[in-house]
Amino acid sequence: MKVALFVPCYVDQFYPQVAIASLQLLEKLGVRAVFPAQQTCCGQPMANSGCEQDAKPVYHHFVETFQDYDYVVGPAGSCVYHVRKHFDIIDQTPAVQHVRTATVELFDFITSILGVTELPGRFPHQVGLHLSCHGQRGLHQANESEMTPVRDGQLRRLLAGLEGLTLTELDRNDECCGFGGTFCVSEAGISARMGQDRVADHLRHGTQVLTGGDMSCLMHLEGLVRRRQLPLQVRHAAEIFNQAFA
Amino acid sequence: MSQSPTHAQRSDVFLLDAERTTWHDETLWFVRQKRDKAVYATPEFQELRQLASDIKDHTLSQLAEYLEQFEAAALANGVRVHWAADADEHNAIVLGIVRAAGASRVVKSKSMLTEECHLNPHLLANGVEVIDSDLGERIIQLRGEAPSHVVLPAIHLKKEDVGETFWQHLGTEKGLTDPQQLTEAARQHLREKFLAAEVAISGVNFAVAETGSVVVCTNEGNADLAIGLARVHIACMGMEKLLPRLSDLAVFTRLLTRSATGQPITTYTSHFTRPAPGKEMHVVIVNNGRSQQLGRPDFRASLKCIRCGACMNTCPVYRRSGGHSYDFTIPGPIGAILSPNIDMRQHVSLPFASTLCGSCTDVCPVKIDIHTQLYKWRQVLGAEGMLPASKKYSMKLLSRVLARPGLFKAGGVAARLGLRLVPHALSHAPGYNPWAIARELPAPPKQSFREWYAHQSSVSAK
Ligand code: SF4
């Protein structure tokens, strides 16, 4: 199985530790992923802003970079969702079709493709899970509160399986954090307010470590936490599992 | 580029009152939770949604035929049917009916369509007294405001605001905030108006092609009272309100209030099929941009909307920015896909007033792919050259960088270096970087992942 690690642009530049943890975690599960160095970005920032025509060269570059791999695994539900859903505007060559289905979110890969439903390790903290909308509602990685009262999902199960870990039960399980790509800049006020409300829900219920599968939401939330110097650690779930799985 | 304030600018005004924002958010979230309870308790809810969606798709695909069928049936029932191409025509028709009836006093039950057409100002300017009889509508009518929500038109107001308004306009005691007493005051005031009105105008929730009847759903019974008392009934409907058969209706009445407020059914679901003896009944069927939207395949499904308001209640942006921030008759996520159809330039910011979280799509009882349409509108607006120049060019530049790995690598190094070197006060200056108004930028690491990786592989190669 040829697996490529897809590292979104902002993770590469600002959160290298998340990509390192993803790589090492996969290795511990027996998967040797490579990092094709010519990769850049999925093109979502442009498309999100209404300029998807401008993003076409980026889409083609993405496909060229990853077409020879069986799986393209990324620690970011939003970017994966973008590749799967919005690469429909370029010619659907076999390579494009392959890349669109082969691109998988990290924990979806671990659970659905590798069939791993439990990761070993200990993480004795109270952990609050932030469900990213694109992972949850877009890629169906967790149940939606719009449909069912049952709170379940891939990441939730994996976290609950760690020894010593307590999951926070939030008032609003799956409300959006307000990041929304370029939304956080064009509607900065609402975006910040939404994020502050999310963080407040976690603090109110005792979260010590705030985690999730999508670094973009976490980057936004971390920015708010650091500004107010709140007693919360923000870490991508790959970091937690990689640390726990010693 | 656009002259009118953007959604973000209007939201910033709303957000200034942090406490009111919290209250607005929590009130609507409470309604969303009531909806959840009702939906969870209905095991076949998802099948009902699919059925409703299919019925609407089918109806829209043969809308002309169903409209003709409806007209023929209504005429046979003794109803007079009028067609209006746009808002002006609608207003002229309604005024014409009122004048022909020799009337000067009208009561109206809640209708978003007449709001859309700005009927009230038109009637008032022509010497006709028009009174909104839905309690929430009446409150905002007294205040000279527009509804901020399609089901809860005065949800942006607290009981203190209502007390103040009634004190000013209805002569209630100053400082009265008890909802029971306020409602009673409104009731007394409205009773007079009901009794005096010669014409009753109602909206239409559903129109049944098979029977030619219109169906009006209210919780207060105000439409029934108004129509029962007045000599002339004018029902105003958008042309997308049709259902083929009477038996289709049950699907929608089960979905409507569960999605709207969590009630199993609306308190009054009234069918109006023919005028009572000695009375008149008119139906005005309005286009006003609907056939244009029908002709846009990507956005056609927005015409399936039954105006339950669920997408507003669930929308985290709506809840924190209030309905007036959308500056369109229908606010919230659905309004943001209906409004550019009417005027792209004026409403260019609305499709961007969303994180595309998709919650609207998941609550919508007729399965409108709302967030997909928001995304598509962005592309249309971009292609039409409606985006601000700064955005247009920065996105072109970004694309050039991202399609070339060498440029990207260099750019990333420069950005991280820049962040380390630029003083915090500058990189976080509000005018310069909106991100930083409330957030810290990420601390730049010494090494990007790609640098780390390249180093690793060169070490292992040795
Ligand atoms: S778009 Fe859907 S959820 Fe929103 S008001 Fe219309 S029917 Fe209700």
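What counts, and at which threshold
- In this numbering scheme, every chain counts its residues from 1 along its sequence in written order.
- Numbering of ligands from 1 and lettering of chains from A proceed in the order in which they are written.
- Per-residue local features are limited, in this predicted model, to residues with pLDDT of at least 70; the limit for side-chain atom pairs, both in listing and counting, is 80 or more; totals at the level of whole chains, interfaces and linings are taken over all residues.
- As a rule here, side-chain values come from all non-hydrogen atoms in the structure, and water together with hydrogens is ignored.
- Note on conventions: DSSP H or I runs of at least 4 residues are helices, E runs of at least 2 residues are strands, and numbering of each starts at the N terminus.
- Values of the radius of gyration come from C-alpha atoms, whereas the globule rule sets the reference at 2.2 Å times the count of residues to the power 0.38.
- Summary of the burial criterion: residues with accessible area below 20% of their type's maximum are buried, those above 50% are exposed, and those between are partly exposed, where the area comes from a 1.4 Å probe applied to protein chains only.
- By definition, residues are in contact when any of their heavy atoms lie within 4.5 Å.
- Note on areas: these come from Shrake-Rupley sampling with a 1.4 Å probe, and a residue is covered only by the protein chains present in the view.
- Note on charges: Lys and Arg go in the positive column, Asp and Glu in the negative column, and His and the chain ends are not counted at all.
- Where a charge lies is defined by one atom per residue type: Lys uses NZ, Arg uses CZ, Asp uses CG and Glu uses CD.
- Two kinds of site are reported from a 1 Å grid over the protein atoms alone, namely cavities, where a 1.4 Å probe fits but cannot get out, and pockets, open sets with protein on both sides within 12 Å along at least five of seven lines, and residues are called lining when an atom falls within 4 Å of a point.
- Grid points are joined across faces, edges and corners, and a volume is the space filled by probe spheres set on the points.
- Here the nonpolar group is Ala, Val, Leu, Ile, Met, Phe, Trp, Tyr, Cys and Pro; Asp, Glu, Lys and Arg are the charged ones; every other residue, Gly included, is treated as polar.
- A domain assignment, automatic or from a database, supplies the domain bounds used here.
- Strands were regarded as paired on the criterion that DSSP finds at least two bridges between them.

Looking at the overall build of chain A
- Looking only at helices and strands, one finds 13 helices and eight strands in chain A.
- Here the C-alpha atoms of chain A give a radius of gyration of 17 Å, agreeing with the 18 Å that 2.2 N^0.38 yields for 246 residues.
- Each principal axis of the C-alpha distribution contributes one length, and for chain A these read about 50 × 45 × 35 Å.
- Counting the 246 residues in chain A, one finds 66% classified as buried.
- Residue pairs in contact within chain A that sit at least 24 positions apart in sequence constitute 76% of those at least 6 positions apart.
- Per element, the accessible surface of chain A, about 8300 Å² overall, is 49% carbon and sulfur.
- Where the 20 positive side-chain charges of chain A centre and where its 26 negative ones centre are 5 Å apart.

Notes on empty space enclosed by the protein
- Taken as a whole and judged by the stated rule, the model has seven cavities of 30 Å³ or more.
- Forming the walls of the largest cavity are 18 residues, and the residues nearest its centre are Leu131, Gly135, Gln141, Leu155 and Gly213 of chain A.
- Elements with a contribution of two residues or more to the lining of the largest cavity: strand S5 (126-130), helix H8 (133-138) and helix H9 (154-160) of chain A.
- Among the elements that make up the lining of the largest cavity, the one with the highest residue count is H9 of chain A (three residues).
- Of the residues belonging to the lining of the largest cavity, the class tally is five nonpolar, nine polar and four charged.
- In this structure, the lining of the largest cavity is formed jointly by two domains, domain 1 (3-113) and domain 2 (126-244) of chain A, each of which donates at least three residues.
- When its volume is computed, the second largest cavity comes out at roughly 100 Å³.
- In terms of lining residues, the second largest cavity is bounded by 15 residues, among which Cys305, Arg307, Cys308, Cys311 and Cys364 of chain B are the most central.
- Looking at the lining of the second largest cavity element by element, the count peaks at three residues for helix H14 (residues 310-314) of chain B.

Focus: the sheet that holds strand S8 (residues 242-243) of chain B
All names here are of chain B.
- As summarised here, the arrangement of the four strands in space is S8-S5-S6-S9, forming an open sheet in which the pairing is mixed. Both outer strands of the open sheet, S8 and strand S9 (268-272), are each paired with one neighbouring strand and no more.
- In this structure, strand S6 (residues 213-218) lies alongside S9, joined through five bridges in antiparallel fashion. Each bridged residue has a counterpart across the sheet, and for Cys217 the counterpart in S9 is Thr269.

Notes on the domain arrangement of chain B
- The assigned domain composition of chain B is domain 1 (42-288) and domain 2 (400-461).
- Once you take the C-alpha centre of each, domain 1 of chain B and domain 2 of chain B turn out to be 56 Å apart.

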